[in-house]
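Report on the structure
The primary structure of each chain is shown beneath.
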Amino acid sequence: MIHVENLVKWYGPTRAVNGISFDVPEGQILGFLGPNGAGKSTTIRMLTGYLPPTSGNATIAGFDALKESEKARRQIGYLPESTPLYMEMRVEEFLHFRGKLMDMPRADRVKAIDYVSDRCGLKEIRRRVIGQLSKGNRQRVGIAQALLHDPKILILDEPTSGLDPVQIGAVRNLIQELKGKHTILLSSHILPEVEKTADRVIIIAAGEIKADGSPSDLRQKVGQGASVLVQVKANGESVQKAFTGVEGVQSVTVEQQGDWVKAVVQPTPGSELRERLGQTILTNGWAIREMRNETASLEQFFIQITADQSQVVEEAVA
Amino acid sequence: MNHVITIAKREMTSLFFSPIAYVVLALFSLGSSLLFFNSFAPSMPASMQGTFQGVIWLMILLLPGISMRLISDEFHSGTIELLMTSPLSDTELVLGKWLGAMGFFVTLFIPTLVLVGIVEAFGSPDYGPLLTGYIGLFLVGGFYLAIGTFASAISQNQIISYMLTVFTICLFTFVIYLLSRAAFIPPQIQQAMQFMFVNGHFEDFGKGVLDLSRIIYFVSGMAFFLFLAVKLVESKRWR
């Protein structure tokens, strides 16, 4: 449904997006994840036809985003970052305005506005002036206008930024409900949000794709090679000795903390240690108070990539 | 074309929500009435020619107030992104914006109909020159607003686009008026400059003459500045 090939964008001397390629099949929810300034919005703007790419191309539902821009734009419902709306208009008025720009005849517009009002919970605020609405309600209006013409592709740039947790939950549920009806691309700099809604996550940092896969794939990828942290009541040296002898262990570092020993065990690639370590502890009869995989969360992976980017920036500044 | 009207309608409604529009409306009504009563006296001809001559000077300061936010505001609030990602061409956007401002501009003249009523009550005016006078004013206004649309696409800052519009209009009015009288400029060039003089082209309308070449002058002026505005909006995508 979306095909992106080697997309590059330079802003003057700054390269915001550096050769991004991906494909989104019909019906998929793709989460676009990255720190602020990673190039998410720039990529999205190139897909929606707001910015032309410096090089590379993008195809939206079979239409070239640059050469057949108007046709491509018709396929997309788009919520830009920071939800720009006309503050002096009423919700319903604004939706009519959007519908007219999408060339929807009046009867269709009325039906579609009823539908999206229902879907996005706008029923009570249809006659209200947008400028007087809360941030959460404005966000709903933004999503409603994107859905209005029943687009094949829905692109939401940071749909939950600036919302409180309850509102975030509501938006997340809404996106879940839309699953299957539209191909959805949503971006965020907050991981759990994308992790919960998306079928697939692309992590982007410094204008490049750093990881691409389903949330569980990525978690597995991160889990592999993760060290195991163990805390047992024993003597440090004996723990070191016993753990080093376990099959699949690459290295062990121990730290004595009073009666307890904290050991960090690094496995050889591809081996799962926890079961065998448990066996060893049992045989030695040590008391245990903790054992866990240390870097199994996607969050840490994400933080690591983010840190890489800030490092790049720091180097550039230096 | 539907898109142009959609944009124009929205623009006109939003103008009525902005305080600046009411300032313009109030000053315009006040100014045109003062100008009217200045030339309204016994034994004077029952026409509004004098008023119209003054109103086009008044428009230099007031019309840029209407146009200054047309495009700059869209960039400022980010709503331009909604428009540019809709199936809407840049030409439709610019034309719609200009047409919306024109709509508001034309409504400025509704209060002046009272003045026409006064002329009718105290004399028997010739409606031909009155009608062509209004047509002339609309053409001058359209030209000024086209300049304003162009200026509002240059800068996100409304003050800058206001000043730029006033300055450009002054080039076509004050500056030419003064230079075409200056002795150091050769007469051929003075003649050529006279041709660019807005007020010179308006004079005929006030007298009741509809001259095609005058109309072409204003229409091509509008087309020129609107074309520049479209090019500016297009170029924003590439920056």
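Residues numbered from 1 in each chain as written. Chains lettered and ligands numbered in written order. Predicted model: local features only at pLDDT ≥ 70, side-chain atom pairs only at ≥ 80, totals over all residues. Heavy atoms only, no water.

1. Quick notes on the overall build of chain A
Where we set the bar: To qualify as a helix, a DSSP run of H or I must reach at least 4 residues; to qualify as a strand, a run of E must reach at least 2; elements of each kind are numbered from the N terminus. Both definitions apply: the radius of gyration is a C-alpha atom measure, and the globule rule equals 2.2 Å times residues to the power 0.38. For every residue, the accessible area (1.4 Å probe, protein chains only) is compared with the maximum for its type, and the residue is labelled buried under 20%, exposed over 50%, or partly exposed between those bounds. We call two residues in contact when some of their heavy atoms are within 4.5 Å.
Assigned secondary structure in chain A consists of 11 helices and 14 strands. Against the 2.2 N^0.38 benchmark of 20 Å for 318 residues, chain A shows a C-alpha radius of gyration of 25 Å, more extended than a compact globule. With the principal axes as the frame, chain A shows a C-alpha extent of 80 × 45 × 35 Å. Expressed as a percentage of the 318 residues in chain A, the buried residues total 49%. Restricting to contacts in chain A with at least 6 residues of sequence separation, those with at least 24 account for 67%.

2. A closer look at the packing of aromatic side chains
Residues and elements named next belong to chain B. Heads up, the condition is: Note on aromatic pairs: the rings of Phe, Tyr and Trp (six-membered ring only in Trp) are paired at centre separations within 6.5 Å, and the planes decide the class, stacked below 30 degrees, edge-to-face beyond 60, tilted for the rest.
One pass over the full model with this rule turns up 27 aromatic pairs over all chains. Aromatic side chains F105 and F138 sit 6.1 Å apart centroid to centroid with 80° between the ring planes, which places their arrangement in the edge-to-face category. Within this pair, whereas F105 is found in helix α6 (residues 90-108), its partner F138 is found in helix α8 (residues 127-154), the two being separated by 33 residues in sequence. Judged by its relative accessible area of 0%, F105 is buried.

3. Overview of the sheet that holds strand β5 (residues 63-64) of chain A
Residues and elements named next belong to chain A. What counts is decided by this rule: Between any two strands, at least two bridges found by DSSP are needed for them to pair. To obtain an axis, a line is fitted to C-alpha atoms, over the contacting stretch when the element is a helix, and the angle between two such axes runs from 0 to 180 degrees between their N-to-C directions.
Read across the sheet, four strands follow the order β2-β1-β4-β5 without closing on themselves; strand pairing throughout is antiparallel. Unpaired on one side and paired on the other, β2 (14-24) and β5 mark the two borders of the sheet. Taken together, the five bridges between strand β1 (residues 2-11) and strand β4 (residues 55-60) define a ladder with antiparallel strand orientation. Each bridged residue has a counterpart across the sheet, and for V4 the counterpart in β4 is A58. Against the sheet, helix α1 (residues 40-47) makes contact with β1, β2 and β4, and its axis sits at roughly 120° relative to β1, the strand it touches most.

4. Notes on the interface of chain A and chain B
How we decide: Buried area is calculated as the accessible area (1.4 Å probe) missing from two parts once they are joined, with the contributions of both summed. Just to be clear on terms, a salt bridge is a Lys or Arg side-chain nitrogen sitting within 4 Å of an Asp or Glu carboxyl oxygen. Residues adjacent in sequence count toward polar contacts only when both atoms are side-chain atoms; beyond that, a polar contact is any pair of N or O atoms within 3.5 Å, and within protein one must be able to donate a hydrogen and the other to accept it. All residues other than Ala, Val, Leu, Ile, Met, Phe, Trp, Tyr, Cys, Pro, Asp, Glu, Lys and Arg, Gly among them, are scored as polar; the first ten of these are nonpolar and the last four charged.
Taken together, the contacts link 24 residues of chain A with 24 residues of chain B. Taken together, both faces of the contact between chain A and chain B bury some 2400 Å²; the carbon and sulfur share is 62%. Its largest share of buried area at the contact with chain B, chain A owes to A:Y50, A:Y86 and A:L101, together 28% of the area lost on that side. Our enumeration of links across chain A and chain B arrives at two salt bridges. Here B:E81 and A:R45 are joined by a salt bridge, their closest N and O atoms 2.8 Å apart. In this assembly, chain A and chain B are joined by 11 residue pairs in polar contact (both at pLDDT 80 or more). Sorting the residues of the side of chain A that touches chain B by element identifies α2 (69-74) and α3 (91-101) of chain A as the ones contributing at least two each. Of all the elements, α3(A) adds the most residues to the side of chain A that touches chain B, at five residues. Residues that form the side of chain A that touches chain B fall into these classes: 13 nonpolar, three polar and eight charged.

5. What to know about the domain arrangement of chain A
Applicable threshold: Domain delimitation in this document rests on an assignment produced automatically or drawn from a domain database.
Taken domain by domain, chain A holds domain 1 (2-214) and domain 2 (227-294). Centre-to-centre, using C-alpha coordinates, domain 1 of chain A lies 48 Å away from domain 2 of chain A.

6. Overview of the pairing of strand β12 (residues 249-257) of chain A
All names here are of chain A. Bridging between β12 and strand β13 (residues 260-267) involves eight bridges; their strand directions are antiparallel. Bridge assignment links S251 to a residue of β13, and that residue is Q266. Connecting β12 to the antiparallel partner β13 that follows it, the hairpin turn spans two residues, and G258 within it adopts a positive phi of roughly 65°.

7. Looking at the confidence of the model for chain B
All names here are of chain B. The criterion, for reference: On a scale of 0 to 100, pLDDT captures the predictor's confidence in every residue.
The predicted model of chain B has a mean per-residue pLDDT of 89, with 99% of residues at 70 or higher. Element-level mean pLDDT values for chain B span from 83 in helix α10 (residues 187-196) up to 95 in α6. Confidence estimates for the predicted assembly give a pTM of 0.83 and an ipTM of 0.87.

8. Brief notes about the environment of B:G50
Residue position: B:G50 is located in helix α3 (residues 49-67). In the structure, B:G50 is positioned 10 residues away from B:F40 in sequence and 9.1 Å away in space, judged by C-alpha atoms.

9. Overview of the confidence of the model for chain A
Summary statistics for chain A give a mean pLDDT of 86 and a share of 91% for residues scoring 70 or more. Ranking the helices and strands of chain A by mean pLDDT puts α3(A) first, with 95, and helix α11 (residues 298-317) of chain A last, with 60.

10. Focus on the pattern of salt bridges
A full pass over the atoms with the stated rule returns 19 salt bridges over all chains. Put simply, A:E158 and A:K40 hold a salt bridge, and the shortest N to O gap is 3.7 Å. Of this pair, A:E158 sits in the loop between β7 (153-157) and α6 (165-178) while A:K40 sits in helix α1, and the two are 118 residues apart along the sequence. Each of A:E88, B:R10, B:E11, B:R69, B:D73, B:E74 and B:K97 takes part in salt bridges that share partners, so that together they form one network.

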